[in-house]
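A look at the structure
Residues per chain are reported as follows:
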Amino acid sequence: MTYSIPADPYDFTFDPAATALLIIDMQRDFVDSGGFGELLGNDVAPLREVIAPIERVLAAWRACGLLVIHTREGHRPDLSDCPPAKLARGKLEIGIGDVGPLGRVLVRGQQGHDIVDELRPLAGEPVIDKPGKGSFYATDLASILAYRGICSLIVTGVTTEVCVHTTVREANDRGFECLVLSDCIASYFPEFYDMTLKMIKAQGGIFGWVAPSEAFLAALPVPALP
Ligand code: TIU
């Protein structure tokens, strides 16, 4: 059964059974004070605003019994999977692998690397640990989606122009149809947020579709509560 929701640049049609909710990098390192995002010089406040909308979408999607996939950007403790160029970038005083307020920055197993409590993955929900900005690069995401028969992605998370857009570009080239929920993604830079959404939906949806989560939730076949 397929559903259609009003979206930009035109209605987005999807089969829930062939659709996954992708929650990108909702880690303390990006949304909490003292994490990688703040160490890069950013104000994390705009990123925190998407926690509640994503929580609502996640609850509805879980209630439908559909596939949720979480991603986390980060590296092995020995940093052997971190490109030297990434390690050096920014000439940060406290950078990747260094000890910061949330533990070692962007390192797997550390407090900052984990997903915020509000969006904590449930057992059975795949968590993709990725070394790069894209969710497909050097991960098993493509295999997991193929084995589950997924062809559409509902995309949420941070940051809009970095890990979200990189992932949407990767997904688009792999043939996935992506709906980006506009109030469930955020950037440290308002102008980058605006331009990224424009880029995604321009030219007849060259990368995908954009809609507010309200429109998406209104269309979901959420079972009625007893
Ligand atoms: N810096 C920035 O905007 N983002 C990242 O480094 N990673 C993600 O977007 N997850």
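Computed from a predicted structure; not experimentally measured.

1. Some words on the overall build of the protein
Looking only at helices and strands, the protein has nine helices and ten strands in total. Against the globule reference of 17 Å for 226 residues, the protein gives a C-alpha radius of gyration of 17 Å, in line with a compact fold. Projected onto its principal axes, the C-alpha coordinates of the protein cover approximately 50 × 40 × 30 Å. With 226 residues in all, the protein has 51% of them scored as buried. At a minimum sequence separation of 6, the contacts of the protein that also span at least 24 residues come to 73%. In the structure as shown, the protein presents an accessible area of about 10,200 Å², 54% of it carried by carbon and sulfur atoms. When the 19 positive and 29 negative side-chain charges of the protein are each reduced to one mean point, those points stand 5 Å apart.

2. Describing the site of the ligand
Taken together, the neighbourhood of the ligand is formed by Asp25, Phe30, Phe36, Leu40, Glu73, Lys133, Val158, Thr159, Val162, Cys163 and Tyr188. At a separation of 3.2 Å, a nitrogen atom of the ligand approaches a polar backbone atom of valine 158. Between the ligand and threonine 159, the relevant distance is 2.9 Å, taken from an oxygen atom to a side-chain nitrogen or oxygen of the residue. Burial of the ligand by the protein amounts to 92% of the accessible area it has alone, namely 280 Å².

3. Side note on the packing of helix H7 (residues 160-173) against helix H8 (residues 190-205)
Between H7 and H8, the shortest axis-to-axis distance is 10 Å and the interhelical angle comes to 10°. Here H8 runs roughly parallel to H7, going by the angle between their axes. Mapping the contact onto sequence places Thr160, Glu161, His165 and Arg169 in H7 and Phe192, Tyr193, Thr196, Met199 and Ile200 in H8. Residue composition of the contact of H7 with H8, grouped by class: four nonpolar, three polar and two charged.

4. What to know about the side chain of arginine 28
Within the secondary structure layout, arginine 28 lies in helix H1 (residues 28-31). Look at arginine 28 and you get buried, because its relative accessible area is 14%. If near-sequence neighbours (up to four positions away) are discounted, arginine 28 is found in contact with Gly35, Leu102, Gln111, Gly112, Asp114, Ile115, Val116 and Asp117.

5. Describing the pattern of salt bridges
If you walk through the whole model with that rule in mind, you get eleven salt bridges. Arginine 48 is the salt-bridge partner of aspartate 32, the closest N and O atoms lying 2.6 Å from each other. With a gap of 16 residues between them, aspartate 32 in the loop between H1 and helix H2 (36-39) and arginine 48 in helix H3 (residues 45-48) connect regions that are remote in the sequence. Residue arginine 48 is classed as partly exposed on the basis of its relative accessible area, which comes to 36%. In this structure, aspartate 129 and arginine 72 form a salt bridge, with 2.8 Å as the shortest nitrogen-oxygen distance. With aspartate 129 in strand S7 (residues 127-130) and arginine 72 in strand S4 (residues 67-73), this pair connects stretches of sequence that are 57 residues apart. Judged by its relative accessible area of 19%, arginine 72 falls in the buried class. Among the charged side chains, a salt-bridge network with shared partners connects Arg28, Asp117 and Arg120.

6. Some remarks on the pairing of strand S9 (residues 177-186)
Of all ten residues in S9, eight are buried; the element is thus mostly enclosed. With six bridges connecting them, strand S8 (residues 152-158) and S9 associate as parallel partners. Paired with serine 152 across the strands is glutamate 177, a residue of S9. Note that the unit made of S8, H7 and S9 has a crossover that is right-handed.

7. So, the pairing of strand S3 (residues 19-24)
On a regular strand, each side chain points to the face opposite its neighbour's, so the side chains alternate between the two faces of the sheet. Of all six residues in S3, six are buried; the element is thus mostly enclosed. Residues Thr19, Leu21 and Ile23 point to one face of S3 and Ala20, Leu22 and Ile24 to the other, with burial holding for every one of them. Where S3 and S8 come together, six bridges link them in parallel fashion. Across the sheet, the residue bridging to threonine 19 is serine 152, located in S8. Across five bridges, the pairing between S3 and S4 is parallel. Paired with leucine 21 across the bridge in S4 is valine 68.

The rules behind each value
- Residues numbered from 1 in each chain as written.
- Predicted model: local features only at pLDDT ≥ 70, side-chain atom pairs only at ≥ 80, totals over all residues.
- Heavy atoms only, no water.
- Helix = DSSP H or I, 4+ residues; strand = E, 2+ residues; numbered from the N terminus.
- Rg over C-alpha atoms; globule rule 2.2 N^0.38 Å.
- Buried < 20%, exposed > 50% of the residue type's maximum accessible area, 1.4 Å probe, protein only.
- Contact = heavy atoms within 4.5 Å.
- Areas by Shrake-Rupley, 256 points an atom, 1.4 Å probe, with all protein chains shown as cover.
- Lys, Arg positive; Asp, Glu negative; His and termini not counted.
- Charge placed at Lys NZ, Arg CZ, Asp CG, Glu CD.
- Near = heavy atom within 4 Å.
- Polar contact = N/O pair within 3.5 Å; in protein donor to acceptor, adjacent residues only side chain to side chain.
- Axes fitted to C-alpha atoms, helices over the stretch in contact; angles between N-to-C directions.
- Parallel < 35°, antiparallel > 145°, perpendicular 65-115°, else oblique.
- Nonpolar A, V, L, I, M, F, W, Y, C, P; charged D, E, K, R; others polar.
- Salt bridge = Lys/Arg side-chain N within 4 Å of Asp/Glu carboxyl O.
- Pairing = 2+ DSSP bridges.
- Right-handed = clockwise from strand over helix to strand, strands pointing away.

Geometric values such as these leave the question of function open.
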